[in-house]
Amino acid sequence: MNKTTNDDRSTVQRVLEGDFDAFETLVEKYQARIYRHLRKMVKDDPCAEDLLQETFLNAYRGLKGFSGESSFSTWLFRIATNNALMFLRKRRPESVQYDDEIGDHANPFYMTASPEFVSTPLEILLSEEGRRQLEEAIEGLPVLYRSVLVLKDVEGFSLEEVSQIMDTSIPAVKSRLHRARNAVRESLVEYYLDRDMSG
Amino acid sequence: MIEMKTCKDFCDHLSDYLEGDIGEKECELIKEHLDKCPPCELIFRSLRKTVDICGKGVSAGIPEEVRIRLKNFLREHCGKT
């Protein structure tokens with residue numbers, strides 16, 4: 001068990017003993033990551049803020065049910081993900097289809113990579129323009145693919161943790177992650193190819 | 001043992017290969033294929049770069065007003081005065 005997991009468990013224990021300041025410590029620690037995850041899921045800032053408040057309120061009220069079998073962060077992200085999926089099912093049910101595929105990637109043929117993207121320096125890829133392209137590529141994915149990619153490659157959860165958060169099997173996580181990564185890759189490859197040719 | 005014959009077969013497992021989440025034998029086969037197939041090797045490098053910038057390029061900022069409203073909301077609803 002790592003130090004963060006241990007620290008979180010002792011903080012959770014203090015909250016359960018009535019220490020509200022300890023809960024605010026957990027909020028302070030996770031609010032930015034949860035907000036980023038919710039923004040990526042629902043793609044609407046005011047709704048993401050409502051869901052952020054709901055997530056921490058649910059977490060506070062449900063803390064007695066936190067068994068400690070998973071890490072606190074996995075448990076918290078699962079609450080946030082469930083809230084966002086419930087919201088999307090109610091508001092945009094067509095956006096949460098489990099058999100939703102990424103365009104032609106149901107049977108990907110792998111667009112041949114051009115070298116422009118691979119040779120683009122990191123400072124350009126991580127410039128304001130580069131970040132915008134990356135965010136657009138991620139936001140173009142269907143929500144279940146987008147969520148898996150954000151949890152794994154942005155938030156750094158393991159495949160097993162992502163499967164717990166998304167309440168799905170590890171093979172399903174791996175399949176969605178593979179397709180999501182490939183779709184983002186193709187979008188970036190195309191963008192940097194066009195950018196190179198035009199400039 | 002996963003059967004891999006075509007470039008597409010190999011590319012289907014590049015994400016698992018990147019994770020190190022693949023058998024030793026399959027790992028060797030993919031490595032051998034990438035060594036002798038420049039297009040697949042380029043696809044692999046672009047995939048690795050994609051994953052790398054995903055981890056660095058998505059901002060985690062939260063606006064100050066969102067932070068303050070969350071704090072006030074929780075104090076109001078969780079009983080802290």
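Once a new chain begins, its residue numbering starts again from 1 and follows that chain's sequence as written. The naming scheme follows written order: chains are lettered A onward, ligands numbered 1 onward. A pLDDT threshold of at least 70 governs which residues receive local features in this predicted model, and a stricter bar of 80 or more applies before side-chain atom pairs are shown or counted, although totals over entire chains, interfaces and linings include all residues. As a convention, hydrogens and water are excluded, and side-chain values are obtained from all of the structure's heavy atoms.

Draft legend 1. Up close: the overall build of chain A. Helix numbering and strand numbering both begin at the N terminus, where a helix is a DSSP run of H or I of at least 4 residues and a strand a DSSP run of E of at least 2. The helix and strand tally for chain A stands at 10 helices and 0 strands. Sequence-ordered secondary structure for chain A, helices as α and strands as β, is α-α-α-α-α-α-α-α-α-α. Sorting the 199 residues of chain A into buried and exposed places 54% on the buried side. Considering only contacts in chain A between residues 6 or more positions apart, those separated by 24 or more positions represent 69%. Surface accessibility follows the Shrake-Rupley procedure with a 1.4 Å probe radius. Residue values consider only the protein chains on display as shielding. Summed over all atoms, the accessible surface of chain A reaches about 9200 Å², with 47% contributed by carbon and sulfur. Burial status follows relative accessibility: with a 1.4 Å probe on protein chains alone, a residue under 20% of its type maximum counts as buried, one over 50% as exposed, and anything between as partly exposed. Residues are treated as being in contact if the distance between any of their heavy atoms lies within 4.5 Å.

Draft legend 2. Structural detail: the pattern of salt bridges. By definition, a salt bridge exists where a carboxyl oxygen of Asp or Glu is found within 4 Å of a side-chain nitrogen of Lys or Arg. Under the definition given, this model contains 22 salt bridges over all chains. We note a salt bridge from R36 of chain A to E155 of chain A, for which the minimum N-O separation is 3.0 Å. Taken together, the residues R36 of chain A in helix 2 (residues 20–42) and E155 of chain A in the loop between helix 8 (143–154) and helix 9 (159–166) connect sequence positions 119 residues apart. Across the pair, E155 of chain A and R36 of chain A agree in class, each one buried. Connected through salt bridges with shared partners, the residues K152, D153 and R181 of chain A together with E19 of chain B form a single ionic network.

Draft legend 3. Summary view of unusual backbone geometry. Positive phi values are uncommon outside glycine, yet K43 of chain A reaches one of about 55 degrees. Inspection of the secondary structure puts K43 of chain A in the loop between helix 2 and helix 3 (45–61).

Draft legend 4. Expanded view of the packing of aromatic side chains. Residues and elements named next belong to chain A. In this scheme Phe, Tyr and Trp rings, the latter by its six-membered ring, pair at centre separations within 6.5 Å, and the angle between planes marks the pair as stacked below 30 degrees, edge-to-face above 60, and tilted otherwise. Under the defined criterion, the tally for this structure stands at 11 aromatic pairs over all chains. A ring pair is formed by F20 and F23, whose centres lie 6.0 Å apart and whose planes are at 45 degrees; its orientation type is tilted. Residue F20 and its partner F23 are located together in helix 2, separated by 3 residues, close to a single helical turn. F23 shares its class with F20; the two are buried. Taken together, a centroid distance of 5.7 Å and an interplanar angle of 75 degrees make the contact between F20 and Y60 edge-to-face. With F20 in helix 2 and Y60 in helix 3, this pair connects stretches of sequence that are 40 residues apart. Taking relative accessible area as the criterion, Y60 reaches 27% and is therefore assigned partly exposed.

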